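# Fold and geometry: a report
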Amino acid sequence: MHGTVSVDARQPIGMFDSGFGGLTVARATIDLLPHEDLVYLGDTARYPYGPRPQPQVREYALEIADHLVVDRGVKMLVVACNTATAAALPDLRARFPVPVIGVIDPGIRALLKASTTGRIGVVGTIGTMASRAYDKALAEIEPTAEMMSCACPGFVEFVERGVTSGNEVRLLADRLLAPVVNAGLDALLLGCTHYPYLARTISDVVGRSVVLVSSADETAFALAGLMSRLGLQHPDRPRVGRQMFISSGDVAAFTDLGSRLLGPELVGAERWMPSQ
Ligand code: DGL
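Further remarks concern the pairing of strand S1 (residues 13–17). Buried residues dominate S1, accounting for 5 of its 5 residues. Neither face of S1 is exposed, since Ile-13, Met-15 and Asp-17 on one face and Gly-14 and Phe-16 on the opposite face are all buried. One ladder, built from 5 bridges, connects S1 with strand S2 (residues 38–42); its direction is parallel. Bridge assignment links Ile-13 to a residue of S2, and that residue is Leu-38. For the segment spanning S1, helix H1 (residues 23–32) and S2, crossover handedness is right-handed. Two strands pair when backbone bridges link them, and S1 and strand S3 (residues 76–79) are joined in this way by 4 bridges, in the parallel orientation. Paired with Phe-16 across the bridge in S3 is Val-79.

What follows is the structure in structure tokens.
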């Protein structure tokens, strides 16, 4: 759909995730594009997406995108969730008349840039790893490269509870990341937007010699590049963009943890009721 855009550049950017993880992408976007308005939806009533079957995640992603495009009038969609990108990106692009960007391709590009030895890996949810979306993206971008992958069930749940450090996280990380430690990597992609919040623990486990790569910054750069190519930057620059946050779960809890994770821009959230 990228070539057939007839949307209003004054409208906000739309972004979504299963919960708080996409706030890493929101932070990078606000910092890089401070003049843009942003509507962020965290589907906290239905997280985690990782263990759910792909068709269900796809259905959730399409429903959220419908709300953002039709009810909120967003000019672009950023799928700030690897699991939803893996499950739904082609369907979202086919269904909606706005440009749609995911986190997987930008993440792979950042990973390749960060590695000097070519010994690379990715960690993510069970759903993302099982989809092999990262292997497919790597094969298209750098066909000769090889990458190890490792699912980390349980990491997302810690972040959603606001637990980003401590013994429990460390114990789980030690167990799940043992194959990564043994692989002798020089760069590891955090292939779940929640994982940057656990970066300190992950780094303690895999060692300081492994560069941790987050897709957040690279996604924001890709978004900025696409908006500039399509002429979708807000025309009234300089201006200060507004942010709106929406949650399908408890909005007070979303505001409380969200403001700690994102920063001062998150002062409140609206409720959205998903169909199921
Ligand atoms: N932030 C989502 C991702 O990047 C987490 C998915 C989940 O809710 O399990 O995959």
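Mapped onto the elements, Gly-50 comes out in the loop between S2 and helix H2 (54–71). A relative accessible area of 6% means that Gly-50 is categorised as buried. Here Gly-50 is in contact with Thr-83, Thr-125, Ile-126 and Gly-127, once residues within four sequence places are set aside.

Each strand in a sheet pairs with its neighbour through backbone hydrogen bonds, running either in the same direction (parallel) or in the opposite one (antiparallel). Strand order across the open sheet formed by 4 strands is S6-S5-S7-S8, with parallel pairing between neighbours. Each of the sheet's edge strands pairs with one partner strand only, and the pair in question is strand S6 (147–151) and strand S8 (211–214). Going across the sheet, the axis of each strand differs from the next one's by a mean of 25°, ignoring polarity. Both strand S7 (residues 187–190) and S8 contribute to a ladder of 4 bridges, which runs parallel. Looking across to S8, one finds that Leu-189 is bridged to Val-213. Lying on the sheet, helix H10 (residues 199–206) is in contact with S7 and S8; it crosses S8 at an angle near 150°. Lying over the sheet, helix H11 (residues 215–230) contacts S7 and S8, oriented at roughly 40° with respect to S8.

Bringing the pattern of salt bridges into the picture now. Tallied over the entire structure, the rule returns 14 salt bridges. A salt bridge links Asp-31 to Arg-27, with the shortest nitrogen-to-oxygen separation between them at 2.8 Å. Here Asp-31 pairs with Arg-27, and both are found in helix H1, just 4 residues apart, close to one helical turn. Judged by relative accessible area, Arg-27 falls into the partly exposed class, the value being 21%. One network of salt bridges, in which partners are shared, links Arg-27, Asp-31 and Glu-265.

Once that is clear, we can look at the environment of Phe-158. Looking at the secondary structure, you find Phe-158 in helix H7 (residues 155–160). For Phe-158, a relative accessible area of 8% translates into the label buried. Separated by 10 residues in the primary sequence, Phe-158 and Glu-168 have C-alpha atoms spaced 9.0 Å apart. Setting aside anything within four residues of it in sequence, one finds Phe-158 in contact with Val-163, Glu-168, Val-169 and Leu-172.

Here we come to H1. With 7 of 10 residues buried, H1 lies mostly within the body of the structure. Buried within H1 are the following residues: Leu-23, Thr-24, Val-25, Ala-26, Ala-28, Thr-29 and Ile-30. In this structure, the buried residues of H1 make contact with S1, S2, S3, H11, strand S9 (243–247) and helix H12 (251–262).

Attention now moves to the site of the ligand. With respect to spatial proximity, 13 residues lie near the ligand, and among them Ser-18, Tyr-49, Thr-83, Thr-193 and His-194 are the closest. In this structure, Gly-50 approaches the ligand through a main-chain N or O atom, which is 2.7 Å from an oxygen atom. In this structure, an oxygen atom belonging to the ligand sits 2.6 Å away from a side-chain N or O atom of Thr-83. Spatially, the ligand is embedded in the largest cavity. Looking at the shell around the ligand residue by residue, the classes come out as 5 nonpolar, 7 polar and 1 charged.

What follows covers the side chain of Asp-186. Tracing the sequence through the fold places Asp-186 in the loop between helix H9 (178–182) and S7. One buried charged residue, Asp-186, remains without a salt bridge, the closest side chain of opposite sign being Arg-119 at 7.4 Å. One polar contact links Asp-186 to Ser-115, side chain to side chain, over a distance of 2.8 Å. There is a polar contact of 2.7 Å between the side chain of Asp-186 and the backbone nitrogen of Thr-116.

Each value, and the rule that gives it
Residues numbered from 1 in each chain as written. Predicted model: local features only at pLDDT ≥ 70, side-chain atom pairs only at ≥ 80, totals over all residues. Heavy atoms only, no water. Buried < 20%, exposed > 50% of the residue type's maximum accessible area, 1.4 Å probe, protein only. Helix = DSSP H or I, 4+ residues; strand = E, 2+ residues; numbered from the N terminus. Pairing = 2+ DSSP bridges. Right-handed = clockwise from strand over helix to strand, strands pointing away. Contact = heavy atoms within 4.5 Å. Axes fitted to C-alpha atoms, helices over the stretch in contact; angles between N-to-C directions. Salt bridge = Lys/Arg side-chain N within 4 Å of Asp/Glu carboxyl O. Near = heavy atom within 4 Å. Polar contact = N/O pair within 3.5 Å; in protein donor to acceptor, adjacent residues only side chain to side chain. 1 Å grid on protein atoms, 1.4 Å probe; cavity = no way out; pocket = protein on both sides within 12 Å on 5 of 7 lines; lining within 4 Å. Sits in = over half its atoms within 2 Å of the grid points. Nonpolar A, V, L, I, M, F, W, Y, C, P; charged D, E, K, R; others polar. Lys, Arg positive; Asp, Glu negative; His and termini not counted.

This is a description of form; function is not addressed.
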